[in-house]
Each structure stands twice: as C-alpha cells, then as structure tokens.
Amino acid sequence: MSEAPVVQRPVSAEHIHPGGFDLLVVPPRARTGWRVLPARVGAMCAVELQKLRHDRTELYTRAVQPALWLLIFGETFTRIRAIPTGGIPYLDYLAPGIIAQSAMFIAIFYGIMIIWERDAGILTKLLVTPTPRSALITGKAFAAGVKALIQAVVVVVIAALLGVAMTWNPLRLLGVAVAVVLGSAFFSCLSMTIAGIVLTRDRLMGIGQAITMPLFFGSNALYPVAVMPGWLQAISKVNPLSYQVDALRGLLLGTHAHLALDYGVLALAAALGILSASSLLGRLAR
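Below is a summary of the structure that appears in this document. Keep in mind it's a predicted model, so treat the numbers as computed, not measured. (Residues numbered from 1 in each chain as written. Predicted model: local features only at pLDDT ≥ 70, side-chain atom pairs only at ≥ 80, totals over all residues. Heavy atoms only, no water.)

**Details of the nonpolar core**
Threshold: Grouping buried Ala, Val, Leu, Ile, Met, Phe, Trp, Tyr and Cys residues that are joined through side-chain atoms within 4.5 Å yields what is termed a nonpolar core. Burial here depends on accessible area, computed with a 1.4 Å probe over protein chains only, as a share of the maximum for the residue type. Under 20% is buried, over 50% is exposed, and the range in between is partly exposed. Comment: elements are numbered from the N terminus, with helices defined as DSSP H or I runs of at least four residues and strands as E runs of at least two. Contacts are assigned to residue pairs that have any heavy atoms within 4.5 Å of one another.
With 65 residues, the main nonpolar core has Leu70, Ile99, Ile114, Ile137, Val180, Phe187 and Phe216 as its most contacted residues. The set of elements that each furnish at least two residues to this core consists of helix H5 (64-80), helix H6 (90-107), helix H7 (110-119), helix H9 (133-161), helix H10 (170-198), helix H11 (201-217), helix H13 (240-253) and helix H14 (259-285). Excluding anything up to four places from it in sequence, Val180 contacts Ile99, Ala103, Gly145, Ala148, Leu149, Ala152, Gln244 and Leu248.

Here it is, written out as structure tokens:
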C-alpha cells in the first residue's frame with residue numbers, strides 16, 4: 001500500500017523574515033527633508049537636459065551671435081582702440097563679457113518653456129508629485145546653467161582661435177563654470193518669475209526682449225564702469241551681470257577682480273530668484 005502524500009504546511013510571512021508581515025501591511029517610510037531634496041533637484045535637471053538629445057540645433061544657432069560679436073565688434077574696436085581696457089587688447093577684454101552675454105540670452109527666455117509646459121499639462125502633473133516647488137525651480141535653473149556652460153565652452157574655443165590670451169588653469173576654469181551656472185540660474189529664475197506674473201508667452205517674449213539689451217549694455221561687458229555716466233554706473237552696481245563679468249574677466253585674464261563679492265552677489269541673486277519663482281509657480285499653473 002502506498003503512503004499518503006505529505007501535505008506541506010504553508011509558510012507564513014513571519015517565518016520568511018522577522019517582522020515580514022508588518023512590511024506587507026505598512027509601507028516603508030519615505031525619505032523626507034534635506035536628504036531627498038538634492039536627488040529631486042538632480043532628477044529635474046536631468047529631465048531638462050534630456051531635451052538636448054532630441055534637438056541640438058539650439059546650441060548651434062546660439063553660437064552664431066557670440067561669434068559675430070567677437071569677430072566683428074571685437075576685432076574692429078581692437079583696431080581703433082577707442083575704449084580704455086587697462087593695457088590688454090580689446091578682444092581679450094570683450095571675450096568674458098560675451099561669455100556672460102550668451103549665457104544670459106539662453107537663460108532669460110527660459111520662462112517660455114515653463115509656460116509651454118503649463119499649456120501642455122506637464123506642469124500640473126509635476127506639481128501633484130511630492131517634489132517641492134523649490135526643487136522643480138532649482139532643477140530647471142541649474143539645467144539652464146548647464147546649457148549656458150556648453151555655450152560658454154563654444155565661446156571660449158572661438159576666442160582661443162582668435163588669439164585671446166586666456167588661462168587654462170583647471171581651478172580657474174572651474175571657477176568660470178561656477179560663475180556661469182550661478183548667473184544663468186538667476187536669469188532663468190528671473191524669466192520664470194516674469195512668466196508667473198504675465199502668464200502668456202507673447203508678453204514674456206516682449207518683456208524679455210525689452211530687458212536683455214539694457215542688462216547687457218548696463219553692465220561692464222563692453223566697457224569699463226569708469227567710462228560710464230553716473231546714472232549708468234548706479235545701474236551697473238545692481239546688475240548681477242556686472243559681477244558675473246568681473247569674475248569671468250578676473251579668472252580668465254588675470255585682471256583685478258573682487259571674486260568674493262562677485263560670487264556672493266551671484267549666489268544671493270540665484271537664491272532670491274529661486275525663492276521668487278517658486279512662490280509664483282502655483283499661480284502659473286492655475
């Protein structure tokens with residue numbers, strides 16, 4: 001006679017792992033606070049940069065304008081020597097200003113992208129996630145900084161081909177990268193703040209075009225502050241672009257610069273820009 005089959009007893013979750021039943025009922029605690037914020041900022045930044053994989057034409061077309069500034073404006077004023085530059089060739093003096101200008105031009109229209117995301121319904125979906133609004137804005141701001149950094153590399157290469165005497169010290173180049181990213185973060189947040197106020201792409205485009213050239217000409221990108229009229233000097237002192245140019249010029253050319261002040265102003269401007277844009281993000285999504 002054959003033996004009766006042995007019936008195996010089901011193994012409970014508690015035998016698998018002590019406290020295993022609790023894990024099936026209670027989900028693990030989510031990370032919160034400062035530990036998760038950098039990861040979410042990095043994720044948002046990576047999402048923004050993924051767009052470059054699908055369309056790189058923006059990087060190529062934006063390289064045309066700084067090249068023209070260096071080739072035409074820089075070469076011409078180097079020959080006529082009309083602007084005092086402290087004994088350095090005007091083309092060398094101009095190159096850091098064009099790096100800052102090209103970075104600003106990329107960032108200042110960044111608000112158009114967030115309005116497009118609002119119209120496409122993407123922004124509403126992002127706002128219902130646990131990601132803080134400040135992390136969303138910070139990720140976008142530093143993505144703009146990375147795009148501007150790519151543009152800065154293009155301008156540096158063009159300037160080197162034209163014979164501009166720049167430093168290649170790795171630490172100084174790292175400082176250049178930090179200045180470009182901080183300045184671009186501020187201008188992108190300024191654009192997103194304006195987007196939160198005007199709410200439409202057409203209005204933002206008009207305001208962006210209205211403020212870019214005054215910001216550029218009201219800085220020390222093209223000429224020293226000392227040759228400006230008094231009212232323009234006052235504007236230059238509150239213009240973050242002036243501090244960015246001063247830092248770039250000191251790092252790349254070795255001229256006298258107030259690096260501690262420059263980085264302090266840029267960091268403060270970026271922080272205030274993130275705070276301002278974050279506070280208006282909900283209004284933009286309504």
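**Remarks on H13**
Along an α-helix, a turn takes 3.6 residues, which lines up residues three or four apart on a common side. What counts, and what does not: To estimate how far a helix should reach, multiply one less than its number of residues by 1.5 Å. Contacts described as polar in this section are N or O atom pairs within 3.5 Å, which, within protein, must combine one atom able to donate a hydrogen with one able to accept it, while residues neighboring in sequence count only if both atoms come from side chains.
The terminal C-alpha atoms of H13, which comprises 14 residues, lie 20 Å apart, in line with the 20 Å expected from a rise of 1.5 Å per residue. Its side-chain oxygen 3.0 Å from the backbone nitrogen of Leu241, Asn239 forms the N-cap of H13. Positive backbone phi, at 80°, marks Gly254, one or two positions downstream of H13.

**Regarding a nonpolar patch on the surface**
The test is simple: What makes a patch is a set of residues exposed beyond 30% relative accessible area and free of salt bridges, joined within 9 Å when like-charged and within 5 Å when nonpolar (Val, Leu, Ile, Met, Phe, Trp, Tyr). The Shrake-Rupley method, run with a 1.4 Å probe, gives the accessible areas here. Residue values count only the displayed protein chains as cover. By salt bridge we mean one thing: a side-chain nitrogen of Lys or Arg within 4 Å of a carboxyl oxygen of Asp or Glu.
Taken together, Val64, Leu68, Leu71 and Ile72 make up a surface patch of nonpolar side chains, about 360 Å² in accessible area. Within the secondary structure, Leu68 sits in helix H5.

**Section: H14**
Our working definition: A residue's bend is given by the angle between axes fitted to the 7 residues ending at it and the 7 residues starting at it.
For H14, with 27 residues, the first-to-last C-alpha span of 38 Å sits near the 39 Å given by 1.5 Å per residue. Along H14, the sharpest kink reaches roughly 30°, centred on Ser279. Those residues of H14 that sit buried are Asp262, Leu266, Ala269, Ala270, Gly273, Ile274, Ala277, Ser278, Leu280, Leu281, Gly282 and Leu284. Each element contacted by the buried residues of H14 is listed here: H7, helix H8 (122-127), H9, H10 and H13.

**Comments concerning the side chain of Asp246**
The line we're drawing: Charged-residue counts in this description rest on Lys and Arg as positive and Asp and Glu as negative, His and the chain ends being excluded.
Within the secondary structure, Asp246 is located in helix H13. We note that Asp246 is buried and unpaired, the nearest opposite charge coming from Arg249 at a distance of 6.2 Å.

**Brief notes about the packing of H10 against H11**
Stated formally: Simply put, an axis is a line fit to the C-alpha atoms, just over the touching stretch for a helix, and the angle between two N-to-C directions goes from 0 to 180 degrees. Whether a crossing is left-handed or right-handed is set by the direction in which the near helix is turned from the far one by less than a right angle, anticlockwise for left-handed and clockwise for right-handed. Ten residue types, Ala, Val, Leu, Ile, Met, Phe, Trp, Tyr, Cys and Pro, are classed as nonpolar, four, Asp, Glu, Lys and Arg, as charged, and the remainder, Gly among them, as polar.
Put simply, H10 and H11 touch, their axes get as near as 10 Å, and they point 145° apart. Between H10 and H11 lies a crossing of right-handed hand. Where H10 abuts H11, its residues Phe187, Leu190, Ser191, Ile194, Ala195 and Val198 lie against Arg203, Leu204, Ile207, Ile211 and Leu215. Grouping the amino acids of the contact of H10 with H11 by side-chain chemistry returns nine nonpolar, one polar and one charged.

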